[in-house]
Amino acid sequence: MRCTLFLCLITIGAFSQTGPGGVGNSNGTSSLRMWYNTSAVVTTTGALIDSLKNLAGVTAFDMGETGGQRPTLISSAVNGFAEISFSGTNRLRTGLTLTATNFVTNEASTFLVVKADLTTQFTSVYTTDPLVGATRFSNHVPWGGTVYYDIGTCCSNSARIQVGGLSNLTSYSFWSYNAHPTTGKQLYRNGSLLQSRANSSTYSHHASQRFNIGGNTSGTTGFKGDVTELIVYNSKVNAAQRIIIENYLAAKYGLNSAANDLYNEDDAVNGNFDFEVAGIGRIDTQNLHDNAQGTGIISVSAPADLNNNEFFIWGHNNEALVFGNTTDIPTSSVKARLNRVWRVSEVNMSNTAVDVGAIDMTVDLTGVVGFNPSYPIYLLIDTDNDGNFDDETPIKNPVKLGGNQYKYTGVTAITNNMRFTFAFGFHTIITNRNTTFRVKKN
């Protein structure tokens with residue numbers, strides 16, 4: 001994908017909804033091209049993976065393998081999430097489905113959560129397949145103890161990031177990589193910049209290559225290690241978007257960020273709100289992300305006072321999406337609230353609390369157990385931050401968007417570290433100008 005940095009910002013920003021951390025769109029309409037993790041549709045025979053769905057919505061990049069080439073799915077391996085384990089003799093691959101439109105050319109952003117079994121191996125975690133010198137889109141974590149990322153004709157400085165002397169490669173890390181002809185290439189580990197190089201080479205072997213996780217093909221041996229998530233954009237995400245995705249990955253897999261650890265609601269002391277983390281934020285006018293949803297049911301947009309280096313990031317506690325709590329509620333006006341609760345980090349780059357101004361918040365209650373559109377829906381905010389909602393005043397009268405979506409405009413009561421959830425009230429019937437309340441009995 002060729003575009004100026006400004007136009008790429010517009011492309012992603014316009015569809016910043018359901019991708020990882022709320023960056024990019026998961027229906028194939030944005031620059032998010034590949035998104036693999038073990039929350040996707042994975043088909044197995046026993047523990048062997050037959051196929052892996054591309055969560056980015058580009059079905060051409062669904063992956064699969066057969067026979068002894070199949071890697072192993074290991075359940076509940078990393079913070080409760082499964083991992084894909086490669087033994088050095090297996091892989092997952094797309095078909096011959098790469099094109100200059102749907103895949104990478106001369107710019108990209110990738111995010112990878114991985115650990116190696118040993119640092120002396122010479123292999124690729126992901127690669128265009130077969131791995132050739134002209135041209136490739138690949139990485140090695142590691143190759144003989146050194147980490148490499150390549151785009152285009154190998155292996156000049158224009159095509160390659162190369163970092164040696166790294167420790168703890170046999171433990172999980174999240175790696176973030178950017179490539180762009182104007183701004184060059186950058187590699188981050190756990191949020192910290194390892195290297196920046198100028199320029200970007202062009203990948204052009206789309207018609208003759210596949211995309212591969214695990215190596216074990218011509219030009220590279222098989223990877224020995226484990227992968228939980230891989231994300232590929234065919235444009236460079238901006239700095240605010242990169243930081244949001246990194247916080248999403250760190251929270252999800254219980255990893256420690258060495259830099260830009262802005263979302264702390266995933267910490268045990270704050271209740272382990274690790275799940276479906278998404279966010280909005282701004283580094284400056286060119287590095288802005290102000291509309292996000294992620295994979296959850298909450299979307300946030302239109303911050304009224306989002307300034308430089310400010311972020312609003314949220315996640316939930318993974319309780320059931322059920323209107324099942326009938327005790328911790330304001331009993332005079334609420335019938336039941338969701339079991340699930342969200343919590344927010346609203347901070348700047350120094351982790352100091354800030355105010356991004358009023359926000360618009362939308363909740364999609366499709367499929368939520370106990371939801372009935374004939375009952376009023378309320379937003380509950382734990383404004384005194386005591387962990388309870390029974391002493392709070394519900395926010396009423398959202399805009400009904402249709403499709404079971406409710407929008408609360410100009411929300412100002414949510415501040416740093418606060419919890420929120422949703423509830424429904426009593427059903428009302430207006431008869432002969434008299435208003436009566438009827439309580440649902442089931």
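Structure: above.
This text gives an overview of the structure that appears in the document. From a predicted model like this one, the values you see are computed outputs, not experimental measurements.

Quick look at the environment of F86 now. Along the chain, F86 turns up in strand β6 (residues 81-87). A residue is classified by how much of its surface remains accessible, and F86, at 2% relative accessible area, is buried. Between the alpha carbons of F86 and S301 there is a distance of 40 Å; along the sequence they are 215 residues apart. Once residues lying within four places of it in the same chain are set aside, the contact partners of F86 are P71, R91, L92, D117, I213, G214, F223, K224, G225, D226 and V227.

It is worth spelling out empty space enclosed by the protein at this point. The gaps of empty space that remain are located by a probe, the size of a water molecule, rolled over the atoms. In the structure shown here, the tally under the stated rule is 1 cavity of 30 Å³ or more. Counting only elements with at least two residues in the lining of the largest cavity, the list comes to β6 and β19 (224-233). A per-element tally of the lining of the largest cavity places β19 first, with 4 residues. Looking at side-chain class alone, the lining of the largest cavity contains 7 nonpolar, 1 polar and 1 charged residues.

Glancing now at the sheet that holds strand β27 (residues 359-364). Strands sit in the order β22-β23-β27-β30-β29 across an open sheet of 5 strands; the sheet is antiparallel. Among the strands making up the open sheet, the edge pair consists of β22 (291-292) and β29 (399-402). When β27 meets strand β30 (residues 405-411), the two strands line up antiparallel, connected through 5 bridges. If you follow M361 over to β30, its bridge partner there is Y408.

Turning our eyes to something else, we now look at the pairing of strand β31 (residues 419-425). Burial of β31 is extensive: 7 of the 7 residues sit out of reach of the surface. Of the two faces of β31, the one holding R419, T421, A423 and G425 and the one holding F420, F422 and F424 are both buried throughout. Bridge analysis of strand β25 (residues 334-337) against β31 gives 3 bridges, and the strand direction is antiparallel. Each residue of the ladder has a partner; that of V334, found in β31, is G425. Bridging between strand β26 (residues 342-348) and β31 involves 2 bridges; their strand directions are antiparallel. Among the inter-strand pairings, W342 is bridged to a residue of β31, identified as F420. Two elements, strand β28 (residues 377-381) and β31, share 5 bridges in a ladder whose sense is antiparallel. Looking across to β31, one finds that Y378 is bridged to A423.

Quick look at the state of the cysteines now. By definition, a disulfide links the sulfur atoms of two cysteines through a covalent bond. Under the counting rule described, the total for this entry stands at 1 disulfide. Disulfide pairing is shown between C154 and C155; the S-S distance is 1.3 Å. Note on the C154 and C155 pair: the S-S dihedral is about 75°, so by sign convention the disulfide is right-handed. Given a relative accessible area of 17%, C154 falls into the buried group.

Quick look at the environment of I298 now. By secondary structure assignment, the location of I298 is in strand β23 (residues 298-301). By relative accessible area, which is 1% here, I298 ends up buried. Considering only alpha carbons, one finds I298 and Q17, 281 residues apart in sequence, at a separation of 9.9 Å. Those residues in contact with I298 that sit more than four places away from it in its chain are A292, Q293, W314, W342, M361, T362, V363, F420 and F422.

Considered as a void within the structure, the largest pocket measures approximately 300 Å³ in volume. If you trace the largest pocket, you find 19 residues lining it, with S39, Y248, K252, E276 and T295 closest to the centre. Elements that contribute at least two residues to the lining of the largest pocket include exactly β1 (32-37), α2 (239-253) and β20 (275-284). Considering the residues around the second largest pocket, the lining is formed by 13 residues, among which Y375, P376, I377, N397 and K400 are closest to the centre. Counting only elements with at least two residues in the lining of the second largest pocket, the list comes to β28 and β32 (427-431).

Moving on, we get to α2. In a regular helix each residue adds 1.5 Å, so 15 residues correspond to 21 Å; α2 covers 21 Å between its end C-alpha atoms and thus fits that length. With 14 of 15 residues buried, α2 lies mostly within the body of the structure. Capping the start of α2 is the job of one residue whose side-chain oxygen sits 3.0 Å from the backbone nitrogen of A240: N238. The positive-phi residue at the C-terminal boundary of α2 is G254, with phi of around 65°.

Time to look at a negative patch on the surface. Taken together, the side chains of D384, D386, D390 and D391 present a region of like negative charge at the surface. With respect to the helices and strands, the residue D386 is situated in the loop between β28 and β29. D386 sits in the partly exposed class, given a relative accessible area of 37%.

Here we come to the pairing of strand β2 (residues 42-45). Here is the key point about a regular strand: its side chains alternate between the two faces of the sheet. Bridge analysis of β2 against strand β3 (residues 48-52) gives 4 bridges, and the strand direction is antiparallel. When the sheet's bridge partners are listed, T43 is paired in β3 with S51. Following β2, the chain reverses through 2 residues before pairing antiparallel with β3; G46 in that reversal takes a positive phi of roughly 65°.

Cut-offs and rules
Residues numbered from 1 in each chain as written. Predicted model: local features only at pLDDT ≥ 70, side-chain atom pairs only at ≥ 80, totals over all residues. Heavy atoms only, no water. Helix = DSSP H or I, 4+ residues; strand = E, 2+ residues; numbered from the N terminus. Buried < 20%, exposed > 50% of the residue type's maximum accessible area, 1.4 Å probe, protein only. Contact = heavy atoms within 4.5 Å. 1 Å grid on protein atoms, 1.4 Å probe; cavity = no way out; pocket = protein on both sides within 12 Å on 5 of 7 lines; lining within 4 Å. Points joined across faces, edges and corners; volume = space filled by probe spheres on them. Nonpolar A, V, L, I, M, F, W, Y, C, P; charged D, E, K, R; others polar. Pairing = 2+ DSSP bridges. Disulfide = S-S within 2.5 Å. Expected span 1.5 Å × (residues − 1). Polar contact = N/O pair within 3.5 Å; in protein donor to acceptor, adjacent residues only side chain to side chain. Patch = residues over 30% accessible without salt bridge, like charges linked within 9 Å, V, L, I, M, F, W, Y side chains within 5 Å. Areas by Shrake-Rupley, 256 points an atom, 1.4 Å probe, with all protein chains shown as cover. Salt bridge = Lys/Arg side-chain N within 4 Å of Asp/Glu carboxyl O. Lys, Arg positive; Asp, Glu negative; His and termini not counted. Charge placed at Lys NZ, Arg CZ, Asp CG, Glu CD.

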